[in-house]
Structures are given as C-alpha cells and as structure tokens.
Amino acid sequence: KQIEGVLIQAGRTLATRYKEKGKYLSSFLAPESIFIDIMMNVGIIFHSAGLTKDRRLWEVATNHCLTTRRYLVRGDGSTSHEGIFDLATGEFLRQTTQQGYRNDSAWSRGLAWALYGFGTAYRYSRDERFLTTAEDCAAFYMAQTANALSPWDYDCPVGPERINDTSADAIAAAGLFRLARITGYEKYRNHGTKVVEALVDGFLADRDLTGAPGWEGVLRGGVYHKHKNLGVSESVSWGEYFFLEALLAAAGKDFPDSGADDTWNT
C-alpha cells in the first residue's frame, strides 16, 4: 500500500504540469515547451488514474498523448524533440529541438521514446490511435536500422559527428518487444532480437576496451547531449535499464504487466 501511494502521488505530481490551453504536459525547460520524452512519463498518470479511478488524471494523460501525436509525430513516423506553444492561446507554434541535429531532424532517442511510450499509452487506454502511432514510429525505426544501429540523429551527415547512440536502440528494442506482445506480430520481436544481438556483439563494456580499464557500465556507446558534449559515447543509466529489459524480453522473460486496473475507463 505504501508503494501504491507513492505511484499515485507520482502521477498526480506529474499531472500538475498540464496546460489546459494546448492540452499538454510541459517540459522541465519551460511552460510553453513540450518534449517527446514525456511520452515515457505519461504512463504513470494513466497508472495513477487506474488506481484511483480519477477521470481527470485519465483525461490529462489522454490529452497529452493526443497533442504529442498531432504536433510532434510526423507523417513518416519520425518525431520532433520539442514543440513550442503560445501560452496565452494554446496555439502550437513550431517544432524545435534541444538535442537533435536540427529542428526538423529525427533525433533517434526521441523516436525511441515515442515508439515505447505510445505502446504503453495504448496498453493502458486501448485507444487505437496510440497503437497506430507506435507502429508508425516502429516502421520508421526498423527502416532506419535495417542494416545498422542508430546514430544519435538519423539526419546527421555521414562523418566523424555521426556516432551511435546505443541507448536509443536499447529503448527501441524494448518497445518493439512490447509491441510484439500487444499485436502478436513477429516482425517486432524479430527486429528487436536483431538489435539486441548487435548491441551485445558490438557494445558490451567487457569487449574491446583497450585503454579504458574499470569501465563503469554495461552498454557502451550511449549519448546524453551531443551538442553540449555531455555523456557522449559513454554508458548512460537509461541505456542500461532498457538494455536489461530488452535482454529479458529477447530471452522470453518479458517484464510483467502492472497490476493496476489499466482499462477501467475504456
């Protein structure tokens, strides 16, 4: 019960970022800013709503997903990192980025957040629009990684700046395994398995670490913020977490679904 109370409070706290004008959860950066990353957090609001039967929390979570889908997910399944709203009117103004290569590019970790996050939103809500969006993002991801793992931004030109972000692939692989469970489509499991194998073969920290003794991490090649040169080609916490989830799923030990009443409002 104590843990359940923490989960409920977490959902309620995140929901305080909600902007009625615009119908979105603002980012930590500014009240007019929406991040694609928030799709990985909105599940806690759905979960809290399911535990408490709070329709307002459910509406906040649903509206944020719909707003993100409309303004940050593009027609080809790629995503923008950030969007900016007019606080006075709620009008959407433009797509932009903080961590992507440019405002109209496809930052790979943002795409992974969307792939995984919309799948989670569908699992809670059973809203077919969210499943469609998750599959659109998955299709873009699988096309981009047909022959190689993800660069930090899919639009970064070939050259020394085009380095991998293995955390994007770990998140996406975990999301693909979850989509496989939701839809029953083997194409998602097969591609997720391929990605996990490539990560194991090329980026485990106990391999090819000449000159880097005592590496503190499991999965090399992650990127936090390329422009600021923070956490570049390192092990990053979210990469480690989702790599573990993807490994478990590849081994047939998927994370169990939550015990919350996820679809009470459908």
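The structure we're discussing is the one just above.
One numbering rule holds for all chains: residues counted from 1, following each sequence as written. Thresholds applied to this predicted model are a pLDDT of at least 70 for local features of residues and 80 or more for the giving and counting of side-chain atom pairs; totals over whole chains, interfaces and linings are not thresholded and use all residues. Values reported for side chains reflect all heavy atoms of the structure, with hydrogen atoms and water molecules removed beforehand.

Student: Any chance you could explain the pattern of salt bridges here in plain terms?
Tutor: Any two side chains of opposite charge can pair, on the condition that their charged atoms come close. Any carboxyl oxygen of Asp or Glu that lies within 4 Å of a side-chain nitrogen of Lys or Arg is treated as forming a salt bridge with it. All told, the structure shown has 8 salt bridges when counted by the stated rule. In this structure, the salt-bridge partner of R102 is D104, at a minimum N-O distance of 2.4 Å. Here the salt bridges share partners, and the residues they tie into one network are E20, K23, R56 and E59.

Student: How should unusual backbone geometry be read in this particular structure?
Tutor: For K53, which is not a glycine, the phi torsion comes out positive at approximately 60 degrees. Secondary structure counts use DSSP, requiring at least four H or I residues in a row for a helix and at least two E residues in a row for a strand, with both numbered from the N terminus. When you line up the elements, K53 lands in the loop between α2 (42–52) and α3 (55–71). Each residue gets one of three labels from its accessible area relative to the maximum for its type: buried under 20%, exposed over 50%, partly exposed in between, using a 1.4 Å probe on protein chains only. Judged by its relative accessible area of 41%, K53 falls in the partly exposed class. For R126, which is not glycine, the phi torsion reads 60 degrees and is therefore positive. With respect to the element layout, R126 can be found in the loop between α4 (108–125) and α5 (128–144).

Student: Whenever I open this one, the side chain of T97 confuses me. Can you help?
Tutor: By secondary structure assignment, the location of T97 is in the loop between β5 (92–96) and α4. Given a relative accessible area of 15%, T97 falls into the buried group. A polar contact is formed between the side chain of T97 and the backbone nitrogen of G100, at a distance of 2.7 Å. In protein, a polar contact requires one atom able to donate a hydrogen and another able to accept it; more generally it is a pair of N or O atoms within 3.5 Å, and residues adjacent in sequence count only if both atoms are side-chain atoms.

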